[in-house]
Amino acid sequence: MNIFPARLKELRTEKSISQEELGLIISLSKSTISLYESGKREPDYNTLKKFADYFVCSTDYLLGKTNIRES
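What this report covers is the structure whose coordinates are included nearby. (Residues numbered from 1 in each chain as written. Predicted model: local features only at pLDDT ≥ 70, side-chain atom pairs only at ≥ 80, totals over all residues. Heavy atoms only, no water.)

## Re the nonpolar core
- By size, the foremost hydrophobic cluster in this structure holds 15 residues, and its most contacted members are Phe-4, Leu-8, Leu-22, Phe-51, Phe-55 and Leu-62.
- Mapped by element, the contributors of at least two residues to this core are α1 (4–14), α2 (19–26), α3 (30–38), α4 (45–55) and α5 (59–63).
- No other element matches α4, which puts four residues into this core.
- What Phe-4 contacts, discounting residues up to four positions off in sequence, is Tyr-36, Pro-43, Leu-48, Phe-51 and Leu-62. (Core = buried A, V, L, I, M, F, W, Y, C linked by side-chain atoms within 4.5 Å. Buried < 20%, exposed > 50% of the residue type's maximum accessible area, 1.4 Å probe, protein only. Helix = DSSP H or I, 4+ residues; strand = E, 2+ residues; numbered from the N terminus. Contact = heavy atoms within 4.5 Å.)

## Side note on the packing of aromatic side chains
- Tallied over the full model, the rule gives four aromatic pairs.
- Residues Phe-4 and Phe-51 carry aromatic rings whose centres are separated by 6.1 Å and whose planes lie at 50° to one another, so their mutual orientation is tilted. Here Phe-51 lies in helix α4 and Phe-4 lies in helix α1, a separation of 47 residues in the sequence.
- Since its relative accessible area comes to 2%, Phe-4 is described here as buried.
- Assessed through its relative accessible area of 0%, Phe-51 is described here as buried.
- With 5.9 Å between their ring centres and 85° between their planes, Tyr-36 and Phe-51 make a pair best called edge-to-face. Of this pair, Tyr-36 sits in helix α3 while Phe-51 sits in helix α4, placing them 15 residues apart in sequence. Of the two residues, Tyr-36 and Phe-51, neither departs from the other in class, the shared state being buried.
- One aromatic cluster is present, formed by Phe-4, Tyr-36 and Phe-51 through successive ring pairs.
- The positively charged end of Arg-7 is found above the aromatic ring belonging to Tyr-61, 4.0 Å away from the centroid.
- Looking at Lys-15, its charged tip hangs above the ring of Tyr-54, at a distance of 4.9 Å from the centre. (Phe/Tyr/Trp six-rings, centres within 6.5 Å; stacked < 30°, edge-to-face > 60°. Lys NZ or Arg CZ within 6 Å of the ring centre and 35° of its normal.)

As far as function goes, none of this settles anything; it's purely spatial.
Below, the structure written as structure tokens:
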């Protein structure tokens, strides 16, 4: 089971930002964020790192390899 889509959406909604706003911050389109959150697409390593840096969490947390948020 791929936990990344749920984790990304959870982190985004906690910050009360839209998919479009997150896309602008990470330099991606709203549709790409939507595809990530629906599990239809997976980010490459550099994009995953951008998410982790923005949300101040580890890439392992984003990928569901740990439940510990902080890196």
